[in-house]
Amino acid sequence: MKLTKYTHACVRLEKDGHVLVIDPGIFSETEAALAGADAILVTHEHPDHLDSEAVASALAANTDLVVHAPAGVAAALRKTAPEAADQVNDVEPGSAFSAAEFAIRSFGSQHALIHPQVPVVANIGFLVDGTVYHPGDSFIVPDGVQVQTLLVPIHAPWSKTAEVIDFVISVRAPKAFQIHDALLNEQGLSFSEGHVARIGANYGTDFRHLAPGESVQL
């Protein structure tokens, strides 16, 4: 499987000629990420994870493209792109399905708390082929599986560095890469990633930074 990291929370997975994209948001290079995509997974409704216009355009351009998202997100997409309504699927927590020939399992149900005065929205983490886990905006640890590659939300308005480190320790994946990194400058990113890499290594996790557009083979 080939994984390509785009700016912020978007990743593209390729296997046997099939392409799966997770969280193509407004900070990401959506045109490149969505080129030739067979399926899109959306963890939640926030625009840094979902560029609705870009996804609607991709759905219009490719009638075989499908989207899997929490029910509220799916309903909003159907309103944005009514002609592609049958290409958009609801995802429930704790479900299993296939997307672009990848096996998908869903975990969690809500976005991490930002503040009691900020409404909590639905958020679903996705495990792909029992290997790659994208938690969206949450630190939900998937139960009953051994994650091989963890995508780590390195910084967010809803987190602190200690929680990021504890998430990595809890999952204990052999490999980890950062996501949700567009809100930090180079110095801040280096500071946070340094802690995660150093402490994560004590628990068997090899954390590595990926630049936007960089790919790795898993």
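Since the structure is predicted, the reported quantities are computational estimates derived from the model, not experimental observations.

Below, the discussion takes up the nonpolar core. Of all hydrophobic cores here, the largest spans 24 residues; its most connected members are Val 21, Ile 40, Val 42, Val 55, Leu 59 and Val 67. Of all elements in the fold, only β3 (18–22), α1 (30–34), α2 (52–61), β5 (66–70) and α3 (71–80) reach the threshold of two or more residues within this core. Of all the elements, α2 adds the most residues to this core, at 5 residues. With residues up to four places along the chain from it excluded, the contact list for Val 55 reads Pro 24, Ile 40, Leu 50, Val 67 and Leu 77.

Taken together, 7 strands build an open sheet; the order of strands is β6-β5-β4-β3-β2-β1-β14 and the sheet is mixed. In the strand order of this sheet, the two ends are held by β6 (88–91) and β14 (215–217), each with one partner. Averaged over neighbouring strand pairs, the angle between their axes works out to 20° when direction is ignored. Pairing of β5 with β6 involves 4 bridges; the strand directions are parallel. Note that in β6 the partner of His 68 across the bridge is Asn 89. Most of the contacts of α3 go to β6, to which it runs at about 165°, and overall it touches β5 and β6.

On to the pairing of strand β9 (residues 125–128). By the alternation rule, side chains of β9 split into Gly 125 and Leu 127 and Phe 126 and Val 128, which are all buried. Where β9 lies against strand β10 (residues 132–134), 3 bridges are found, and the strand directions are antiparallel. Residue Val 128 lies in a different strand from β10, and its bridge partner there is Val 132.

Further remarks concern the sheet that holds strand β11 (residues 149–153). Read from one edge of the open sheet, 7 strands run β7-β8-β9-β10-β11-β12-β13, paired in mixed fashion. Unpaired on one side and paired on the other, β7 (96–99) and β13 (206–208) mark the two borders of the sheet. Strand-to-strand, the axes of this sheet are offset by a mean angle of 25°, without reference to chain direction. One ladder, built from 4 bridges, connects β7 with strand β8 (residues 102–107); its direction is antiparallel.

The next thing to look at is a nonpolar patch on the surface. Among the surface-exposed residues, Ile 26, Phe 27 and Leu 183 lie close enough to one another that they form a single nonpolar patch of about 270 Å² accessible area. Among the structural elements, Leu 183 can be located in the loop between β12 (175–179) and α5 (186–202). A relative accessible area of 42% means that Leu 183 is categorised as partly exposed.

Checked against the element boundaries, Asp 23 lands in the loop between β3 and α1. Buried Asp 23, no salt bridge; nearest opposite-charge side chain is Lys 5, N-O distance 11 Å. At 2.7 Å, the side chain of Asp 23 and the side chain of Thr 43 are in polar contact. Polar contacts involving the side chain of Asp 23 include one to the side chain of His 49, which spans 2.6 Å.

Here we come to the pairing of β8. Counting the residues that bridge the hairpin from β7 to β8 gives 2 residues, and of these Ala 100 lies at a positive phi of roughly 55°. By the bridge criterion, 4 bridges tie β8 to β9 in an arrangement that is antiparallel. Bridging across to β9, Phe 107 finds its partner in Gly 125.

What follows deals with helix α4 (residues 161–171). Along α4, the residues that are buried comprise Val 164, Ile 165, Phe 167, Val 168, Ile 169 and Val 171. Lining the buried residues of α4 we find β10, β11 and α5.

This paragraph deals with the environment of Val 168. Structurally, the position occupied by Val 168 is in helix α4. In this structure Val 168 comes out as buried when scored by relative accessible area, which is 2%. Counting along the chain gives 31 residues from Val 168 to Ile 199, while the straight-line C-alpha distance between them is 9.0 Å. Excluding its chain neighbours within four sequence positions, the residues that come into contact with Val 168 are Leu 150, Val 152, Val 196, Gly 200 and Thr 205.

Bringing α5 into the picture now. Since the α-helix advances by 3.6 residues per turn, residues separated by three or four positions end up pointing in the same direction. For α5, which comprises 17 residues, the first-to-last C-alpha distance of 25 Å matches the rise-based estimate of 24 Å (1.5 Å per residue) to within 8%. Buried residues of α5: Leu 189, Ser 192, Glu 193, Val 196 and Gly 200, and no others. Projected down its long axis, α5 carries its buried residues within an arc of 95°, all on one side. Along α5, exposed side chains directed more than 90 degrees from the buried face belong to Gln 187, Ser 190, Phe 191 and Asn 202. Where α5 is buried, its residues touch α4, β12 and β13. N-cap assignment for α5: the residue whose side-chain oxygen lies 3.2 Å from the backbone N of Gln 187 is Asn 185. Directly after α5, the chain includes Gly 204, whose backbone phi takes a positive value near 90°.

What counts, and where the lines are drawn
- Residues numbered from 1 in each chain as written.
- Predicted model: local features only at pLDDT ≥ 70, side-chain atom pairs only at ≥ 80, totals over all residues.
- Heavy atoms only, no water.
- Core = buried A, V, L, I, M, F, W, Y, C linked by side-chain atoms within 4.5 Å.
- Buried < 20%, exposed > 50% of the residue type's maximum accessible area, 1.4 Å probe, protein only.
- Helix = DSSP H or I, 4+ residues; strand = E, 2+ residues; numbered from the N terminus.
- Contact = heavy atoms within 4.5 Å.
- Pairing = 2+ DSSP bridges.
- Axes fitted to C-alpha atoms, helices over the stretch in contact; angles between N-to-C directions.
- Patch = residues over 30% accessible without salt bridge, like charges linked within 9 Å, V, L, I, M, F, W, Y side chains within 5 Å.
- Areas by Shrake-Rupley, 256 points an atom, 1.4 Å probe, with all protein chains shown as cover.
- Salt bridge = Lys/Arg side-chain N within 4 Å of Asp/Glu carboxyl O.
- Lys, Arg positive; Asp, Glu negative; His and termini not counted.
- Polar contact = N/O pair within 3.5 Å; in protein donor to acceptor, adjacent residues only side chain to side chain.
- Expected span 1.5 Å × (residues − 1).
- Arc of directions from axis to C-beta.

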